[in-house]
Amino acid sequence: MTIAFTQSQVNDLLETMAADIRDRLGDKKPLLVGIHTGGVWIAKALQEILGADFFDASIGTLNIAYYRDDFTRIGMHPQVTPSDLPFAVDDRHLLLVDDVLHSGRTTRAALNEIFDYGRPASVTLAVLMERNGRELPIQADIIGDSISLNKDQHIKLTNSNGLQLEYRIKGVVNEE
């Protein structure tokens, strides 16, 4: 594994994203929703930067495992935690946060779950990193950075010593 973005670089991306969020949603008192797991980490970091009073409630979390269209192919994770939206979404502005936007399938699943809770006035998608390889016509409104990778390369957010992005190559096992 190789570090793609250090904790300091990730923090810089988060500051840029926070400025964009202030510009887009500053007058809307949005609700903050993070997609489990990396999106929740990013959402918490953005809440720290923007301040808890910027948002109209505590962070909501989505675990989209049951909404994925590929769980029959990749299997279900044995420890699926429930989603937690501690607010009503009807007619509210939501800031949906994820770590990496790749195929668009995670975002599609998250939107499906959100609409099971109600009909928001708007959903703004914020991602720390977008990469090539989109399979669905989904794009982020707020992006920390963009990267182009080969099909066998991946970028993953980790949170062992602060938030970092790591490059990974499909089929290569971490030997650390």
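The notes below deal with the structure included here. These numbers come from a predicted model, not from an experiment.

**A closer look at helix α1 (residues 7–25)**
Given 3.6 residues per helical turn, the α-helix brings residues three or four places apart onto the same face.
Item 1. Given a rise of 1.5 Å per residue, 19 residues ought to cover 27 Å, and the 26 Å separating the end C-alpha atoms of α1 matches this to within 8%.
Item 2. Looking at α1, one finds that the buried residues are Val10, Leu13, Leu14, Met17, Ala18, Ile21 and Leu25. End-on, the buried residues of α1 take up no more than an arc of 145°, which puts them together on one face.
Item 3. Of the surrounding elements, those touching the buried residues of α1 are β1 (2–5), α2 (38–50), β4 (93–101), β5 (122–131), β6 (142–147) and β8 (164–169).

**A word on the sheet that holds β8**
Item 1. Reading across the sheet, the 3 strands line up as β1-β8-β7 and stay open at both edges, with antiparallel pairing between neighbours. Sheet topology places β1 and β7 (153–158) at the edges, where each strand pairs with a single neighbour. Between one strand axis and the next, the sheet turns through 40° on average, direction left out of account.
Item 2. The pairing of β1 with β8 spans 3 bridges and is antiparallel. Opposite isoleucine 3, over in β8, you have glutamate 166 as the bridge partner.
Item 3. Against the sheet, α1 contacts β1 and β8, and its axis sits at roughly 25° relative to β1.

**Re the nonpolar core**
Item 1. In terms of nonpolar packing, the biggest core is built from 31 residues, with Leu14, Ile42, Leu128, Ile155 and Leu165 touching the most fellow members.
Item 2. At the level of elements, β1, α1, α2, β4, β5, β6 and β7 are the ones that each hand at least two residues to this core.
Item 3. For this core, the leading source of residues is α1, giving 7 residues.
Item 4. Leaving out residues up to four positions away in the same chain, leucine 128 has contacts with Val10, Leu13, Leu14, Met17, Ile42, Asp98, Asp99, Gly144, Asp145, Leu157 and Leu165.

**Some thoughts on the sheet that holds strand β2 (residues 31–35)**
Item 1. Judged by pairing direction, the sheet is parallel, and its 5 strands sit side by side in the order β3-β2-β4-β5-β6 without closing on themselves. Lying at the two open borders of the sheet, with one neighbouring strand each, are β3 (60–62) and β6. Each adjacent strand pair in this sheet contributes to an overall mean axis angle of 25°, direction not counted.
Item 2. In the sheet, β2 pairs with β3 via 3 bridges, with the strands oriented parallel. Within the sheet, the bridge partner assigned to isoleucine 35 lies in β3 and is leucine 62.

**Some details on the side chain of serine 83**
Item 1. Mapped onto the secondary structure, serine 83 falls in the loop between α3 (71–74) and β4.
Item 2. On the accessibility criterion, serine 83 (19% relative accessible area) is buried.
Item 3. Within the structure, the side chain of serine 83 is placed 2.6 Å from the side chain of glutamate 113, a separation counted as a polar contact.
Item 4. Those residues in contact with serine 83 that lie beyond four places of it in its chain are Thr61, Leu62, Asn63, Glu113 and Tyr117.

**A word on the environment of asparagine 159**
Item 1. Locating asparagine 159 in the fold gives a position in the loop between β7 and β8.
Item 2. According to the relative accessible area criterion, asparagine 159 is partly exposed, its value standing at 36%.
Item 3. Taking the C-alpha atoms as reference, asparagine 159 lies 9.2 Å from glutamine 7; in sequence the two are 152 residues apart.

**Some details on α2**
Item 1. Over its 13 residues, α2 extends 18 Å from the first C-alpha to the last, a length consistent with the 18 Å expected when each residue adds 1.5 Å.
Item 2. Turning to α2, its buried residues are Gly38, Gly39, Val40, Ile42, Ala43, Ala45, Leu46, Gln47 and Leu50.
Item 3. Buried-residue contacts for α2 involve α1, β2, β3, β4, β5 and β7.
Item 4. Where α2 terminates, the next one or two residues include glycine 51, which has phi positive at roughly 95°.

Rules used in this analysis
- Numbers given to residues run from 1 along each chain, matching the order in which its sequence is written.
- In keeping with the model being predicted, local features are shown solely for residues with a pLDDT of at least 70 and side-chain atom pairs are shown and tallied solely at 80 or more, while totals for entire chains, interfaces and linings include all residues.
- Hydrogens are left out, water is left out, and the side-chain values use all remaining heavy atoms of the structure.
- For the purposes of this entry, the term helix denotes a DSSP run of H or I that reaches at least four residues, the term strand denotes a run of E that reaches at least two, and both are numbered from the N terminus.
- Expected span of a helix, by definition, is 1.5 Å for each gap between consecutive residues, and there is one gap fewer than residues.
- Only protein chains enter the accessibility calculation, which uses a 1.4 Å probe; a residue whose area is less than 20% of its type maximum is buried, one above 50% is exposed, and one in between is partly exposed.
- An arc is given here, and it is the one of the directions from the helix axis to the C-beta atoms.
- It only takes one pair of heavy atoms within 4.5 Å for two residues to be counted as in contact.
- Here, a strand pair is defined by DSSP locating no fewer than two bridges between the strands.
- In this description, a line fitted to the C-alpha atoms serves as the axis of each element, helices being fitted only across the stretch in contact, and the angle between N-to-C directions of two axes falls anywhere from 0 to 180 degrees.
- Think of a nonpolar core as a cluster: buried Ala, Val, Leu, Ile, Met, Phe, Trp, Tyr and Cys residues, connected wherever their side-chain atoms sit within 4.5 Å.
- Residues adjacent in sequence count toward polar contacts only when both atoms are side-chain atoms; beyond that, a polar contact is any pair of N or O atoms within 3.5 Å, and within protein one must be able to donate a hydrogen and the other to accept it.

Any functional reading would require information that these geometric values do not contain.
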